[in-house]
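What the coordinates show
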Amino acid sequence: MCTFALVKTLVLWAALAGLLTSGCAANEAPSPEKENDVLNVVVTTGMLADAVREIGGNRVQVQALMGPGVDPHSYTASQGDIARLRRADLIVYNGLHLEGKMQEVLQNMAQTKPVLAFGDGLDPARLRKVSSASDAIDPHIWFDVALWNSGTLALAVRMGESFPQHREQFRAGAAGYGETLRDLDQELRVVYATVPPENRVLVTSHDAFEYFGAAYGFEVMGLQGVSTVAEFGLRDMTDMVNLLSERKIPAVFVESSVPHRSLQSVVEGCRQKGHPLVIGGELFSDAMGPEGTPQGTYAGMLRQNAALISGALGGSAATDAQSGQAAQEQTRAAAQGQTP
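Residues numbered from 1 in each chain as written. Predicted model: local features only at pLDDT ≥ 70, side-chain atom pairs only at ≥ 80, totals over all residues. Heavy atoms only, no water.

**Details of the environment of Leu 39**
- Mapped onto the elements of the fold, Leu 39 is located in strand E1 (residues 39-43).
- Spatially, the C-alpha atom of Leu 39 lies 9.9 Å from that of His 166, the residues being 127 residues apart in sequence.
- Beyond its immediate chain neighbours, meaning those up to four positions away, Leu 39 contacts Arg 59, Val 60, Gln 61, Asp 89, Phe 163, His 166 and Phe 170. (Helix = DSSP H or I, 4+ residues; strand = E, 2+ residues; numbered from the N terminus. Contact = heavy atoms within 4.5 Å.)

**Section: the layout of surface pockets**
- By volume, the largest pocket amounts to about 280 Å³.
- Forming the boundary of the largest pocket are 16 residues, of which Gly 46, Arg 53, Met 288, Glu 291 and Gly 296 lie nearest the centre.
- Among the elements that take part in the lining of the largest pocket, helix H3 (residues 46-56) stands out by supplying four residues, more than any other. (1 Å grid on protein atoms, 1.4 Å probe; cavity = no way out; pocket = protein on both sides within 12 Å on 5 of 7 lines; lining within 4 Å. Points joined across faces, edges and corners; volume = space filled by probe spheres on them.)

**What about the sheet that holds strand E4 (residues 115-117)?**
- Pairing within the open sheet is parallel, and its four strands lie in the order E2-E1-E3-E4. With partners counted over all chains shown, the strands left at the sheet margins are strand E2 (60-64) and E4, one partner each. Averaged over all pairs of adjacent strands, the angle between strand axes in this sheet comes to 20 degrees, irrespective of strand direction.
- Bridge analysis of E1 against strand E3 (residues 90-93) gives three bridges, and the strand direction is parallel. Across the sheet, the residue bridging to Val 43 is Val 92, located in E3. (Pairing = 2+ DSSP bridges. Axes fitted to C-alpha atoms, helices over the stretch in contact; angles between N-to-C directions.)

**Side note on the packing of helix H7 (residues 167-192) against helix H11 (residues 298-312)**
- For the pair H7 and H11, the least separation of the axes is 10 Å and the interaxial angle reads 5 degrees. With respect to H11, the axis of H7 lies roughly parallel. The segment H7 lies against H11, with Tyr 177, Leu 181, Leu 184, Glu 187, Leu 188, Val 191 and Tyr 192 engaging Tyr 298, Ala 299, Leu 302, Arg 303, Asn 305, Ala 306, Ile 309 and Ser 310.
- Partitioning the contact of H7 with H11 into residue classes produces eleven nonpolar, two polar and two charged. (Parallel < 35°, antiparallel > 145°, perpendicular 65-115°, else oblique. Nonpolar A, V, L, I, M, F, W, Y, C, P; charged D, E, K, R; others polar.)

**As for empty space enclosed by the protein**
- For the structure on display, the rule yields one cavity of 30 Å³ or more.
- In this structure, the largest cavity occupies an estimated 50 Å³ of space.
- Along the walls of the largest cavity sit Phe 143, Val 145, Leu 188, Tyr 192, Phe 209, Phe 212, Tyr 216, Leu 302, Asn 305 and Ile 309, which together make up its complete lining.
- Mapped onto the lining of the largest cavity, the elements with two or more residues apiece are H7, helix H8 (210-216) and H11.
- If you tally residues by element for the lining of the largest cavity, the top one is H11, at three residues.
- Looking at the lining of the largest cavity residue by residue, the classes come out as nine nonpolar, one polar and no charged.

That is the geometry; function is a separate question.
In structure tokens:
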């Protein structure tokens with residue numbers, strides 16, 4: 001009986017030692033599955049989805065909550081969105097109060113997983129205030145490509161801190177994307193430089209383009225404030241009509257994520273005063289184009305905007321990429337005996 005008890009005790013001690021050994025080994029090195037995992041990343045906007053895909057490569061699967069034409073200022077998370085956020089390994093949002101109606105949801109999610117605000121990685125000295133009378137920060141940071149590049153590099157570092165097993169890939173992805181963004185920035189500068197100085201006035205539905213104006217040398221005016229939630233009145237519209245007529249600005253621009261009727265009224269008001277104002281096109285402001293199209297990428301949306309703005313305000317309507325695409329189309333048409 002004593003021998004049996006002794007054997008049983010030794011077996012139990014051996015089992016316990018095995019459990020302790022395996023536990024220590026698990027803590028010392030991540031498993032192959034952990035090293036090779038694909039992170040489920042949920043972001044708020046399409047611009048962020050583009051950046052995170054470039055940073056993460058094959059280590060991330062990215063879902064954007066807000067699709068084409070969606071206004072992030074007024075967006076409220078649905079039950080489906082909340083379920084996606086709960087399943088995410090990582091959440092990335094713009095911050096700076098762009099997603100003003102999602103703050104509580106995002107704060108709650110941050111208690112259980114990494115939740116990163118893109119804007120937190122930027123140098124505060126490069127951020128723009130809504131007005132001199134307010135400490136609120138303009139959240140439309142993606143319209144300055146150099147600033148966006150800076151934020152992308154910072155985001156990659158922070159993602160690597162949360163998931164160190166992918167740190168080097170994140171840094172490499174951000175570095176490669178950075179080269180693309182630097183080329184894009186120079187490409188846009190060349191196009192915008194073709195607009196006559198007196199026409200470098202960008203008038204849009206809401207004041208989303210201040211970073212753009214500072215980066216590329218345009219005076220910027222919006223009928224509404226920085227947020228589309230802000231109201232505008234008859235006096236605002238009258239003042240805008242008078243200003244455009246007096247300065248003979250040739251075109252204004254509607255936005256893909258903002259109703260068009262306010263600027264259409266401005267156009268009619270100018271025409272009644274004898275100024276032939278036109279709508280120069282629909283710009284991408286708070287959302288990109290449909291996925292799978294050139295405008296469904298960050299670079300593509302900015303190239304499309306550049307073509308519309310420059311063309312309507314008296315400059316060259318083509319970026320380098322669009323010129324190349326047009327040449328290819330002409331070559332194909334010629335080969336087929338067609339007139340492009």
